[in-house]
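# A look at the structure
As a plain string of letters, each chain reads:
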Amino acid sequence: MSDLTQTLWDLIVVGGGNAGLCAAIEAAETGARVLILESAPKAYRGGNSRHTRNFRCMHQGPLSVLTGSYEEEEYFDDLLRVTKGKTDEALARMTIRASEACLPWMEAHGVAFQKSLSGTLSLSRTNAFFLGGGKALVNAYYNTAQDLGVTVAYDAEVTHIAIEDNAFTGLDVTLDGTTTRLKARALVLASGGFQADLDWLADAWGPAARNFLIRGTPYNRGVVLRDMLDQGAQSVGDPTQCHAVAIDGRAPQYDGGIVTRLDCVPFSVVVNKNGERFYDEGEDVWPKRYAIWGRLVAAQPEQVAYCIIDAKSIHDFMPSVYPPETADTIDGLAQKLGISGAKLRDTIETFNAACREGEFMPTELDGLATEGLSPPKTNWARPITQAPFYGYSLRPGVTFTYLGLRVDETARVSGPAGPLDNVWSAGEMMAGSILGEGYLAGFGMTIGTVFGRIAGQEAAAHVA
């Protein structure tokens, strides 16, 4: 503790996930004296980056494990579709262009990649997967930071950022039960959204939010974000918008991670507690639609839904962590799921009657659509007829919220009087600057890497 308080740091980074680590590494490579304050204990370090799997990357030809090309316009069009145009085009295009240089930078700093997974994920051209997953990426960056002399304090809860005359002058952090003031010449804020604070989530969403599950770290409670907003920092993003997917309803309240996601939706019929369908399960390939299902389920009674499939589809998606409920009849399955057997049987029979003949192609849009059904199913619509029948419960699983700090292209945070002199932000804490709504698979890691690197470079230049 005394070593931390007696040092005037060049840079303090609040948050030890992907974005914070990228910032720390960039600054340390210039010779800056860097301290990372991570609120989690060492075993749980890395924030939501622990649970990630891949990085979406622009490239003009084959690059590392990525095939073909994925150029700026296609990437930006994909982003526009999921955000429905709610993005800052200048920041988004800058992020997309910068992603191409990030992949070799990541490899040079210890991150290993592998070819993409197959099945419902058709990402070999757009997303580079981390060998060993997000934990391997986090560990690689911590090893690199250690080699560069970066100091890391775990279980370090930052409670207040001191801002005077438009500049950061110090921060209050609680370590080992004692709160103390640390000082630095520059600050990077990368401590994520507020999704782990269920009270704040309920303020934004209403009481229904208390039925949400948090896929990621329980340490992203928005303490620093709220402190900065209370001091007049300019905000961006809607507090009701977030990256939320449909996950297994049996997942833990916090930290279940990416393995709790269910990829069977495109091949299923999804019903709510009343046994009623409510959306097109086959709207698009899963990487472009999986992120809308959290909000869809959140809007249903009791914030729960159920995926129903039959024996034909059980091997068409990645296996689930928890086994499905199984029965030889639809009525028997409904009983196990706790919904009306008569209503579920009627919904399935109506759906089956709307299906038509055609070729089923699970890895691409096959156009095998229902006829005369509302809502329709526009791809992969096969009758659910072959026992045994399977069912999974679904709950909204929040990864991160979009309310955050407004930044410019240099990642600098804006206060009430304009850009702060020596404060930058990166990662989920500012992602709302680009993600107005919706989510594009792997783009959170892109934002974190690009803005983390920029924030570190800018902070290092400031203190040089």
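None of the values given here were measured: they were computed from a predicted structure.

Reading the values: the criteria
Residues numbered from 1 in each chain as written. Predicted model: local features only at pLDDT ≥ 70, side-chain atom pairs only at ≥ 80, totals over all residues. Heavy atoms only, no water. Disulfide = S-S within 2.5 Å. Buried < 20%, exposed > 50% of the residue type's maximum accessible area, 1.4 Å probe, protein only. Helix = DSSP H or I, 4+ residues; strand = E, 2+ residues; numbered from the N terminus. Contact = heavy atoms within 4.5 Å. Pairing = 2+ DSSP bridges. Expected span 1.5 Å × (residues − 1). Arc of directions from axis to C-beta. Polar contact = N/O pair within 3.5 Å; in protein donor to acceptor, adjacent residues only side chain to side chain. Axes fitted to C-alpha atoms, helices over the stretch in contact; angles between N-to-C directions. Parallel < 35°, antiparallel > 145°, perpendicular 65-115°, else oblique. Left-handed = near helix turned anticlockwise from the far one by under 90°. Nonpolar A, V, L, I, M, F, W, Y, C, P; charged D, E, K, R; others polar. Salt bridge = Lys/Arg side-chain N within 4 Å of Asp/Glu carboxyl O.

### Focus: the state of the cysteines
Inspection of the entire model under this criterion finds zero disulfides. Cys57 forms no disulfide, and the closest cysteine sulfur to it belongs to Cys102, at a distance of 7.5 Å. The buried category is assigned to Cys57, whose relative accessible area is 0%. Its sulfur unpaired, Cys264 is 3.7 Å from the next cysteine sulfur, which belongs to Cys307.

### Details of the side chain of Ser433
Summarising the element assignment, Ser433 is placed in the loop between β19 (418-425) and α12 (443-463). Setting aside residues up to four positions removed in sequence, Ser433 forms contacts with Asp88, Leu91, Val236, Leu405, Arg406 and Val407.

### Remarks on the pairing of strand β16 (residues 389-401)
Of all 13 residues making up β16, twelve are buried, and the element is well covered by its neighbours. When strand β10 (residues 213-214) meets β16, the two strands line up parallel, connected through two bridges. Note on β16: the bridge partner recorded for Ile214 is Val398. Note that strand β12 (residues 242-248) and β16 share seven bridges and pair antiparallel. Bridge assignment links His243 to a residue of β16, and that residue is Phe400. Summarising the sheet, strand β14 (residues 305-309) and β16 pair through five bridges and their orientation is antiparallel.

### Concerning helix α11 (residues 341-354)
When the terminal C-alpha atoms of α11 are compared, their 20 Å separation across 14 residues agrees well with the 20 Å that a helix rising 1.5 Å per residue should span. Taken residue by residue, α11 has Gly341, Leu344, Thr347, Ile348, Phe351, Asn352 and Ala354 as its buried positions. The arc enclosing the buried residues of α11, seen along the axis, measures out at 165 degrees, which places them on a common side. Among the structural elements, β13 (269-272), β14 and α10 (330-337) are those in contact with the buried residues of α11. A side-chain oxygen of the first residue of α11 lies 3.5 Å from the backbone nitrogen of Ala342; this N-cap is Ser340.

### Digging into the packing of α10 against α11
α11 packs onto α10 with a crossing angle of 130 degrees between their chain directions and a minimal axis gap of 8 Å. Classed by the angle they form, the pair α10 and α11 counts as oblique. Relative to α11, α10 is oriented so that their crossing is right-handed. On α11, the residues touching Ile330, Asp331 and Ala334 of α10 are Gly341, Ala342, Leu344, Arg345 and Ile348. For the contact of α10 with α11, the per-class residue count stands at five nonpolar, one polar and two charged.

### Remarks on the pattern of salt bridges
Think of it this way: side chains of opposite charge can pair up when their charged atoms draw near. Tallying each qualifying case throughout the model produces 22 salt bridges. Between Asp172 and Arg181 there is a salt bridge, with its nearest N and O atoms 2.5 Å apart. The class of Asp172 is buried, set by a relative accessible area of 17%. What you see here is one network of salt bridges that share partners, running through Glu72, Glu73, Glu89, Arg93 and Arg97.

### Considerations on the environment of Ile434
Tracing the sequence through the fold places Ile434 in the loop between β19 and α12. Residues within four places of Ile434 in sequence aside, it is in contact with Leu79, Lys86, Thr87, Asp88, Leu91, Ala92, Thr95, Phe443, Ile447 and Phe451.

### Details of the environment of Gly415
The topology assignment puts Gly415 in strand β18 (residues 412-415). Residue classification places Gly415 among the buried residues on the basis of a relative accessible area of 1%. Spatially, the C-alpha atom of Gly415 lies 26 Å from that of Ala28, the residues being 387 residues apart in sequence. Once residues within four sequence positions are removed from consideration, Gly415 is found in contact with Gly232, Ala233, Gln234 and Leu420.

### Quick word on the sheet that holds strand β4 (residues 113-114)
Spatially, three strands are ordered β3-β5-β4 in an open sheet, and the strand pairing comes out antiparallel. A strand with exactly one partner marks an edge of an open sheet, and here the two such strands are β3 (54-56) and β4. Most of the contacts of α12 go to β3, to which it runs at about 75 degrees, and overall it touches β3 and β5 (127-130).

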